[in-house]
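Spelled out, the chains give:
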Amino acid sequence: MRIQRAIPYVLGAALAGVLPLLTGAYLEQVAGSTMIYLTLALSWDMLLRSGQLGFGTHGFFGLGSYAAVLLFLETDIHPFLSIAFGGLVAGAVATLIGLAVLRLRGMYFAITTLALASIFSVVLRNLPQVSGGPEGKMLPSCIYAGDTTKVYWLILGLALLTIVVSEVFERTRIHLALTSIRNDERVAKTSGVNVFWYLVFVFAVTSAIQGIAGGTYAHVFGFVSPEGSFSANFLLLPLAMALLGGIHSTWGPVLGGLVLGALSEYLKLQIPYGHLLVYGAIIVIVTLFLPQGIRGMLRAAMRRVPSARGEKP
Amino acid sequence: MSVLRTEALERHFGGLVAVHDLTFELTEREILGIIGPNGAGKTTVINLISGLYMPNGGRILLDERDITYAPPHERCRRGIARTFQLVHPLADLTAQENIMVGALFGQRQSLRAARRTAAEIGRLLDLRAMNRPVSDLTVLEVKKLEIGRALATRPKVLFLDEVMAGLNSDETKAMLASVRIVREQGVSICVVEHVMSVIRDLTDRVIVLDGGTLIAQGPYCDVSADPRVIVAYLGEEETC
C-alpha cells in the first residue's frame, strides 16, 4: 500500500531527473528558472498555511543571495556550503524579526514583511566595503562553469528538497497545528497549541528555504545587486504560481509553478514587450473564476466522478 | 477539595468593570453553573481562566498552583479546557482531526495515539461520520465536536459556554447526556447557560453574577428563591 502510493512520486522525480537527456540547454534553463520560482511559491504557501500572509519572500531570497556570495568570495568555501550559509542567515534573521513581528496579524504582518526587502537592499547598498554598494558583487565564475545540465540537477535537488519539507509539514502534527491556527487561533491556543512558537518556526523555515533559493540563484547567475537580488519578481511570480495552482497544499503551488513557468516563457517569446500584461490578466482571471486554483478545480471534478475515487456510484 | 479556585479576580475594560472581586471554587467532579443577565461577566470569567484575557488583579489556582498569568496553551496542558459560545469548529479539518488537535497539543500525544484518542471520544459522545469535513455536520454534531476536542486535552476542568443555545428539546437531551458522560470521566465542569431547566437538571451548585460581581451562590433551588437573584436576573421565582 505504502509502496504503491510512493510510485507516482518516484516516477515524477525520475522523469524530472532524466529530462536533460531529452532536451537541450534552452529548455534546461527554462526549467531551472521555473523551479527556482516554484521553490519560492511553495515556501510562500507553507507560511500561508498558518494563516499568515507573508510578503518577505524576495527579501529573504536577496538576503540569502548576498550571504552566499559574500561568504564564497571571502573564504573560497565550497559553493554548496555558501548556499547553505545563505539559508542559515535568512533563517536566523527571520527568527529575530519573527520574534518581534509575529505578534502582528493579517494586513499588519503582511505590510511589515513587505518592507523587509527594501530595508535589506538599502542597508546593503550603503555598505559598499562589505557588499559592493550599488553595483553589487560578481563571482569569478558561475557554478559548474555554467554547465546547464548540472545547474538543472542542482535546482531540481533544491525543488525536491522543498517538496519533501512541504510534505513533512502536511503529514505530521505540524499540519494540524498550522491549520488550527489558520482556522481559529483562539481554539488553537486553548487546545494547547503554542501558536507563537509555531509561527516563529514556520517563518524561520520558509525564510531559510527562500535564502537557499537565493544563494542558488546567485551562484547560477554569478552576481548579486541591490536591484536584481531583491526584485519584486521574486515575490510576485511565486505568489501568482501558488494562487493559480491552489493554496494550502504541496501540489497546488508545484502545479501552478510548472504551468505558469512554461506559460510565461512562451508568452515572452510570442509578445516580447507585452508578456507581463497578458501574464497579469491571467492572474486576474484565475483569481476571479478559479479561486481554489487548478488543484481545487481538479478536486471538484473528481468529486463529480465517484468512480475516480474508487467508490461505487 | 477544590480543583480550581479564583481569589478576588478582577478585570476592567477601560472604565467598564467586567469582573470584580470574584472568588469562587470548583470541586472535584462538580458541575457548577454560572448564571446572570447579559453582560454580567460570565464569558469574561471563562476567558480569564482559559487565558485569553489576563486579569487586572486577583489569582487563579489550579490544584493549588498559580496559573494567573500562564499563557493559554500552558493552561490547557495543565488541565483547563473550554468550548466557545459561538461554535468554532476548525473548518479545514475533518471531525476526527478536530478532536486530534486537542490530543496532540493538549496531551502531547503522538499522531497515532491521537488518532486512537479521537476514535474513542467519537464513540463516547456518539459522534458518527468522523471522516467528514465539519461543514457537513449538524448543529448538535458540531457542538458535540467542540466538547470532544476539549475532552481530548484530558482536562481537569471543562468550561462549557452556552452549549445548549440553538438546540431543540431532543438535541438538548442528547447534549445533557454528553455532558454527564464527560463528568463520568472525572472532569469538573463549569457551565454558562441561559436555559434554566438545564441549569436545574444538570448543576450541583450555581453562582450568580450581576455586573461582574458574585451576588449569590448555592444549589439552584435555593438561589432561584433568592430575592436579589430574582430582581437581577430571573424576573420571577422559578419552581424547583
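Parameters and conventions
- Residues numbered from 1 in each chain as written.
- Chains lettered and ligands numbered in written order.
- Predicted model: local features only at pLDDT ≥ 70, side-chain atom pairs only at ≥ 80, totals over all residues.
- Helix = DSSP H or I, 4+ residues; strand = E, 2+ residues; numbered from the N terminus.
- Rg over C-alpha atoms; globule rule 2.2 N^0.38 Å.
- Buried ≥ 20, exposed ≤ 12 C-beta atoms within 10 Å, placed from the backbone.
- Contact = placed C-beta atoms within 7 Å.
- Expected span 1.5 Å × (residues − 1).
- Axes fitted to C-alpha atoms, helices over the stretch in contact; angles between N-to-C directions.
- Parallel < 35°, antiparallel > 145°, perpendicular 65-115°, else oblique.
- Left-handed = near helix turned anticlockwise from the far one by under 90°.
- Pairing = 2+ DSSP bridges.
- Nonpolar A, V, L, I, M, F, W, Y, C, P; charged D, E, K, R; others polar.
- Core = buried A, V, L, I, M, F, W, Y, C linked by C-beta atoms within 7 Å.
- pLDDT = per-residue confidence, 0-100.

**Q** Help me understand the overall build of chain B in this model?
**A** Secondary structure assignment for chain B yields 9 helices and 10 strands. Compactness check: chain B gives a C-alpha radius of gyration of 18 Å against a globular reference of 18 Å for 240 residues, within 12% of the reference. Projected onto its principal axes, the C-alpha positions of chain B cover 50 × 40 × 35 Å. For chain B, the residues scored as buried account for 47% of the 240 residues in total.

**Q** Where do I start with the overall build of chain A in this structure?
**A** On a plain count of helices and strands, chain A comes out with 15 helices and 2 strands. For 313 residues, the compact-globule formula gives about 20 Å, and the C-alpha radius of gyration of chain A, at 20 Å, lands near that figure. Each of the 313 residues in chain A was classed as buried or not, and the buried ones make up 46%. By sequence separation, contacts in chain A at least 24 residues apart represent 77% of the contacts at least 6 residues apart.

**Q** Even after reading the chapter, I still don't get helix H7 (residues 148-171) of chain A, so can you show me in this structure?
**A** If you check H7(A), its first and last C-alpha atoms are 34 Å apart, about what 24 residues at 1.5 Å a residue would give, namely 34 Å. Taken together, the buried positions of H7(A) are occupied by A:Val151, A:Tyr152, A:Leu154, A:Ile155, A:Leu158, A:Ala159, A:Thr162, A:Ile163, A:Ser166 and A:Phe169.

**Q** Would you explain the packing of helix H8 (residues 173-183) of chain A against helix H10 (residues 195-221) of chain A in this entry?
**A** Helix-helix packing is described using two parameters, namely the angle between the two axes and the distance between the axes. Residue and element names in this part refer to chain A. Contact geometry for H8 and H10: axes closest at 11 Å, N-to-C directions at 110 degrees. Here H10 runs roughly perpendicular to H8, going by the angle between their axes. Taken as a pair, H8 and H10 cross one another with a handedness that is left-handed. Contacts between H8 and H10 pair Ala 177, Leu 178 and Ile 181 from the former with Val 195, Tyr 198 and Val 202 from the latter.

**Q** Would you mind going over the sheet that holds strand S2 (residues 16-27) of chain B with me for this structure?
**A** Residues and elements named next belong to chain B. Strand order across the open sheet formed by 4 strands is S2-S1-S4-S5, with antiparallel pairing between neighbours. This sheet does not close on itself; its edge strands, each paired only once, are S2 and strand S5 (65-66). For strand S4 (residues 57-62) and S5, the ladder comprises 2 bridges, and the chain directions are antiparallel. For Leu 62, the partnering residue across the bridge sits in S5 and is Arg 65. Those strands touched by helix H1 (residues 42-50) are strand S1 (2-13), S2 and S4, and its axis lies near 65 degrees from that of S2.

**Q** Just checking my understanding: could you explain the interface of chain A and chain B for this structure?
**A** How large an interface is tends to be reported as the accessible area lost when its parts come together. Counting residues at the interface gives 16 residues for chain A, matched by 22 residues for chain B. Elements supplying a minimum of two residues to the side of chain A that touches chain B: H8 and helix H9 (185-190) of chain A. Counting residues per element, the side of chain A that touches chain B draws most heavily on H8(A), at 6 residues. Here the side of chain A that touches chain B is built from residues that sort into 4 nonpolar, 8 polar and 4 charged.

**Q** Quick question: what am I supposed to make of the sheet that holds strand S8 (residues 188-192) of chain B here?
**A** Residue and element names in this part refer to chain B. Spatially, the 6 strands line up as an open sheet ordered S6-S7-S8-S3-S9-S10, and their pairing is mixed. Edge positions in the sheet fall to strand S6 (80-82) and strand S10 (213-218), since each has one partner strand and no second. On average, each strand axis in the sheet is tilted by 20 degrees relative to the strand beside it, whichever way the strands run. Here 4 bridges tie strand S3 (residues 31-35) to S8, and the two strands are oriented parallel to one another. For Ile 34, the partnering residue across the bridge sits in S8 and is Val 192. On the sheet, helix H6 (residues 169-184) packs against S3, strand S7 (157-161) and S8 and is oriented at approximately 150 degrees with respect to S8.

**Q** Any chance you could explain the nonpolar core here in plain terms?
**A** Across soluble globular proteins, you tend to see nonpolar side chains buried next to one another. Core analysis: the largest hydrophobic core is formed by 151 residues, its most contacted members being A:Met241, B:Leu158, B:Ile189 and B:Val208. In terms of residue count, the dominant contributor to this core is H10(A) (14 residues). Here B:Ile189 is in contact with B:Ile31, B:Leu158, B:Leu160, B:Val179, B:Val182 and B:Arg183, once residues within four sequence places are set aside.

**Q** How should I be thinking about the pairing of S7(B) in this particular structure?
**A** Remark: a regular strand shows side chains that alternate across the two faces of the sheet. Residues and elements named next belong to chain B. With 5 of 5 residues buried, S7 lies mostly within the body of the structure. Of the strand pairs in this sheet, S6 and S7 are connected by 3 bridges, and their pairing is parallel. Counterpart to Arg 82 in the pairing with S7 is Phe 159. Bridging between S7 and S8 involves 5 bridges; their strand directions are parallel. Within S8, the residue paired with Val 157 across the bridge is Ser 188.

**Q** Any chance you could explain the confidence of the model for chain A here in plain terms?
**A** Low pLDDT means the predicted coordinates in that region are not meant to be read closely. Residue and element names in this part refer to chain A. A residue-level look at chain A finds 97% of positions with pLDDT of 70 or above and a mean pLDDT of 91. Put simply, helix H14 (residues 275-289) is where chain A has its lowest mean pLDDT, 79, and H10 is where it has its highest, 98. Taken as a whole, residues 308-313 scores under 50 in pLDDT and shows 5 contacts with residues more than four places along the chain or in a different chain.

**Q** Looking at this structure, I do not really get H1(B). What am I missing?
**A** Residue and element names in this part refer to chain B. For H1, a buried count of 9 out of 9 residues is recorded, marking the element as mostly surrounded by other parts of the structure. Buried within H1 we find Lys 42, Thr 43, Thr 44, Val 45, Ile 46, Asn 47, Leu 48, Ile 49 and Ser 50. Gly 51 lies just past H1 and shows a positive phi near 95 degrees.

**Q** How do you make sense of the environment of B:Leu140 when you look at a structure like this?
**A** With respect to the helices and strands, B:Leu140 occurs in helix H5 (residues 139-151). Through-space distance from the C-alpha of B:Leu140 to that of B:Glu171 is 6.4 Å; in sequence the pair is 31 residues apart.

**Q** Honestly, the pairing of S3(B) in this entry has me stumped. Any pointers?
**A** Residues and elements named next belong to chain B. For S3, the buried fraction is high: 5 of the 5 residues fall into the buried class. Here S3 shows no split at all, with Ile 31, Gly 33 and Ile 35 on one side and Leu 32 and Ile 34 on the other all buried. Of the pairings in the sheet, the one linking S3 to strand S9 (residues 205-210) comprises 4 bridges and is parallel in character. Residue pairing for S9: Ile 34 is matched across the bridge by Ile 207.

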